[in-house]
Each structure stands twice: as structure tokens, then as C-alpha cells.
Amino acid sequence: MPLHMKSPTSSEVARRAGVSRTTVSFVLNNVRDRGISDATRERVLAVARELGHAPNIAARTLAGGATGTVALVIPKAAHLYVDVFLSQLVASINQECHLHGLKMLIESTDDEGRDPGGFVDLVRSRRIDGLIVVNPSLAGRKHLGGIADARIPMVVFGAGLPDVERYNTCGNDTSAAAHKVVDHLVGLGHRQIAFVNFAQPEYLAVNERERGWREAMESHGIAIDPLWATHADLSAASGYRAMQEMLARGIKFTALFAGNDTIAFGAMRALREAGLRIPQDVALVGYDDIPLAEFASPPLTTVRTDTIGLGRDAMNMLLSLLRQDPGLQTLRHEQPVELIVRESCGASSPAVFKAAT
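### Describing unusual backbone geometry
- For the peptide bond that leads from Ile278 to Pro279, omega is 5°, which places it in the cis range.
- Residue placement: Pro279 occurs in the loop between α12 (261-273) and β9 (283-288).
- With an omega dihedral of 0°, the bond running from Ser297 to Pro298 counts as a cis peptide bond.
- Take Pro298: it is sitting in the loop between β9 and β10 (301-304).
- The residue Asn135 is not glycine, and still its phi comes out positive at about 50°.
- Within the fold, Asn135 resides in the loop between β3 (130-133) and α8 (138-149).
- For Asn135, a relative accessible area of 15% translates into the label buried.
- With a phi angle near 55°, Asp289 is a residue other than glycine that sits in the positive phi range.

Rendered as C-alpha cells:
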């Protein structure tokens with residue numbers, strides 16, 4: 001927006017959305033229990049984003065001595081270059097911060113030379129009011145407990161966290177989703193299902209996704225060949241290398257579950273270079289349903305997660321914590337996931353399956 005233009009007012013948002021100014025105020029300030037439907041709330045927020053309405057509400061909504069800044073804690077800054085899920089999440093949270101007059105600080109924890117608990121200093125120094133932690137590592141997990149015990153506003157992504165009752169969590173059950181993938185592939189007749197995880201096992205979400213794969217295989221009475229499982233490192237290039245190494249070892253499998261869609265794209269190239277056809281020789285399933293997934297060749301079967309919605313939900317949870325709403329208990333938000341069936345798995349026709357919760 002040009003500097004000389006005035007910011008749209010709440011009245012303009014109300015007029016465009018077809019609601020009262022009071023409704024706009026309640027929605028933008030995330031006031032609940034006012035009889036406002038989810039559809040109306042979403043319409044007001046969509047109009048506010050479209051008009052670029054950014055109310056300066058931080059000072060009056062945050063509890064005591066607010067800086068108007070929240071931190072998004074990610075494992076490595078380099079992940080932003082290759083992880084589409086993370087990039088979408090950052091964009092969504094940043095948009096919500098802008099909408100509510102807040103600033104977002106991105107802090108990485110696992111970069112070389114960084115202390116995994118370095119983000120704690122942001123809280124101690126009062127440079128931020130709260131934080132959202134994405135894909136915490138095993139090394140950094142111990143620091144989360146101290147922040148939770150100190151009742152510092154924090155939302156952690158992940159449904160399978162140890163001691164989950166201590167944390168405000170947002171995300172989806174990645175283990176249950178992985179189970180759904182295996183169920184689908186077994187239903188298509190596969191029993192040799194390899195798995196290339198999306199990152200190294202130092203991250204909680206990585207271990208949860210693999211746990212779902214293992215438990216599902218065992219539930220179908222399939223003995224897992226230890227060579228069926230390996231780890232990539234978020235990028236398509238790492239998925240390509242992981243698949244090359246698996247093929248070079250002569251491992252026999254008829255289906256592949258890739259820990260995310262980016263890994264699946266890399267694996268696709270390695271499979272084709274080895275003369276293997278998808279899905280005739282190897283059925284392929286990814287995870288995340290990134291925008292490019294439906295344009296793959298063949299279109300990629302994958303687990304859909306609403307990344308933009310997750311960012312919005314996490315930020316709304318954090319706002320509730322920052323306001324110290326009376327009677328607020330530990331918050332949980334588990335987003336349902338869907339298995340989007342396309343041609344890469346060899347199913348006869350596209351379909352959408354809800355993952356069991």
C-alpha cells in the first residue's frame with residue numbers, strides 16, 4: 001500500500017463483510033462466546049486481509065508490558081529454502097501477525113554453532129511476548145518444559161509430544177496419517193512398502209511419522225525389512241539421494257511412502273532413472289499436498305494438511321494465551337488430515353479419504 005494512502009478502517013471492513021462494526025471488533029480481537037458463527041468469522045478475516053486492515057491492537061490485547069512481538073522457532077533457517085510446508089506456515093503466521101498488529105521474529109535452534117535452547121533467552125530478556133515452536137528437536141525438547149512450567153505463552157506444533165498435557169499444541173496426528181497411508185497401500189495389494197522419512201530422527205515429528213508406518217505395517221502382519229526405512233533431509237535432492245542409495249542396495253519393494261512431497265519428487269526422479277515406472281512398478285505416496293503435488297507426473301497421491309489454516313489456528317491460540325483469558329486451560333487443536341488419492345499410487349480413480357482420529 002502506498003505510504004500516502006490511509007489504512008482501511010473497521011467500518012470499511014464491516015461494510016464489505018456485511019456485518020456490524022461490533023462484530024468486526026470481536027472477530028479481529030478474537031473475542032469468543034458472542035454468538036458469531038465460524039463462517040462469519042472467516043468472512044470478516046478474509047475481508048480484513050483483502051483490504052490490508054491491520055489494527056494496532058497489540059498494546060491493548062497482550063498481557064502486561066507487551067513488546068508486540070512473537071517468535072516463530074524453527075529448527076534450521078536453511079529449511080525455509082527447501083521445505084514448502086514450513087514456508088507456507090511462516091507466510092500464514094506472518095499474515096496473522098500483520099492482521100493483529102504484531103511483529104514476528106524467526107529464530108532457528110539447530111543451526112551450526114547455535115544452542116538448541118537459545119530461544120529461551122528471547123523470553124528471559126523480554127524481547128518477545130510469546131512463541132510458536134515448529135518441529136522441536138530432541139535436544140531442544142528439554143527447554144520446552146521449563147517454558148511451559150513458567151506459564152510463558154507458547155504453542156508447540158505436534159500431536160505426539162511426550163508429556164503432551166504440559167503443552168498448548170497445534171497440528172495433526174502424523175502417526176495416524178501414516179497409518180492411513182499404509183492401510184491404503186495394503187488395500188491395493190502391497191506388502192513391501194518402503195519408507196523414506198523427511199528428515200533425520202533428531203526431530204519428534206520425524207519419529208512420530210515413522211512410528212505410524214511401523215505400527216501400521218505390524219497391524220497388517222507384515223514383517224518389516226530393516227532396509228525398507230531410511231531418512232532424507234527435507235529437500236528433493238536428499239530424497240533423490242536416499243532413493244538412489246536404496247535402489248543401489250537392491251532392496252525389493254513395490255510401494256514407497258515418502259515423508260513429505262518434496263522428498264517424493266526427488267524419489268520420482270531416482271526411480272525413473274532406474275527404469276522403474278510409477279505406479280506400475282512402484283506405487284508412490286507423499287505427505288503435505290503441496291501446490292505442485294497435483295501437477296506431478298503422474299499426479300501425486302498424498303496426505304493433505306491445511307498448512308495455512310494451521311498457521312492461523314496456532315496464532316489464534318497464542319493470542320488467547322497472550323491475553324490470559326480467564327479460566328483458560330491447556331489448549332489443544334488437532335487438525336484432521338485427508339488422504340488425497342491420485343494416479344501415483346495406482347488406484348483406479350482419484351478419491352479423498354479422511355484419516356481416522
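### Re the pattern of salt bridges
- In total, this model carries 10 salt bridges according to the counting rule given.
- Here Asp289 ties to Arg304 by a salt bridge, and the two come within 2.7 Å at their closest N and O atoms. Of this pair, Asp289 sits in the loop between β9 and β10 while Arg304 is found in strand β10, placing the two residues 15 residues apart along the sequence.
- For Arg304, a relative accessible area of 33% puts it in the partly exposed group.

What counts, and where the lines are drawn
Residues numbered from 1 in each chain as written. Predicted model: local features only at pLDDT ≥ 70, side-chain atom pairs only at ≥ 80, totals over all residues. Heavy atoms only, no water. Helix = DSSP H or I, 4+ residues; strand = E, 2+ residues; numbered from the N terminus. Buried < 20%, exposed > 50% of the residue type's maximum accessible area, 1.4 Å probe, protein only. Salt bridge = Lys/Arg side-chain N within 4 Å of Asp/Glu carboxyl O.

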